[in-house]
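Topology and contacts: notes
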Amino acid sequence: MSQSNTKTGPVVMPCGADLTAHADHLAVLSHSTGAPQMILPASLTAVALYLILAGAASGENGEFQPLTPDRNVRLPLIGTCNPGDTLVIANPSVSGQPGKVCALPTAAGTYRVLAIAEEKGVAGQLVLARPANLGLITVTA
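Note that this is a predicted model, so its numbers are computed, not measured.

The rules we used
- Residues numbered from 1 in each chain as written.
- Predicted model: local features only at pLDDT ≥ 70, side-chain atom pairs only at ≥ 80, totals over all residues.
- Heavy atoms only, no water.
- Helix = DSSP H or I, 4+ residues; strand = E, 2+ residues; numbered from the N terminus.
- Rg over C-alpha atoms; globule rule 2.2 N^0.38 Å.
- Core = buried A, V, L, I, M, F, W, Y, C linked by side-chain atoms within 4.5 Å.
- Buried < 20%, exposed > 50% of the residue type's maximum accessible area, 1.4 Å probe, protein only.
- Contact = heavy atoms within 4.5 Å.

**Some details on the overall build of the protein**
Of the regular secondary structure elements, the protein holds zero helices and ten strands. Taken from the N to the C terminus, the helices and strands of the protein come in the order β-β-β-β-β-β-β-β-β-β. Since a compact globule built from 141 residues should have a radius of gyration of about 14 Å, the 15 Å found for the protein is in line with a globular shape. Seen through its principal axes, the protein has C-alpha atoms that stretch 45 × 35 × 25 Å.

**Thoughts on the nonpolar core**
Membership of the largest hydrophobic core comes to 19 residues, with the highest contact counts inside it found for Leu26, Leu75, Cys81 and Leu87. Counting residues per element, the ones that place at least two in this core are strand E2 (26-32), strand E6 (73-76), strand E7 (86-89), strand E8 (101-103), strand E9 (109-117) and strand E10 (126-139). The residues touching Cys81, leaving out its near neighbours within four places in the chain, are Leu87, Ala103, Ala117, Glu119, Lys120, Gly121 and Val127. Formed by eleven residues, the second largest nonpolar core is a distinct cluster that contains Cys15, Leu19, Ile52 and Ala56.

Right under this line is the structure:
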């Protein structure tokens, strides 16, 4: 059977950084010399396809939920949003924003769409969202 070593639902993976204070944030599957590890997104275009359920210290195992469109999730929101808004990775270079989402900015740039808001959201809220890996969107001025 070719699909014998697959998993559904949450996965346990080593943390490549201290993720203890980052429950509900987005995570990126990376590696260290070929060994898998989870880290926070480092760019607006990072492929952040996991939700941190239980972070851990660097090198320790954490628990992560793969983002799939058949299950909505709650994501930490920067700024505000409305139902149907496209949610993208918040600016990871701003303190307090790595692993969070925001509504698609109007500022020129390239952003990775990860979800669609399913409710109105305010800053700091865990907004209900439907994962939708729609790829990159480029906003022009």
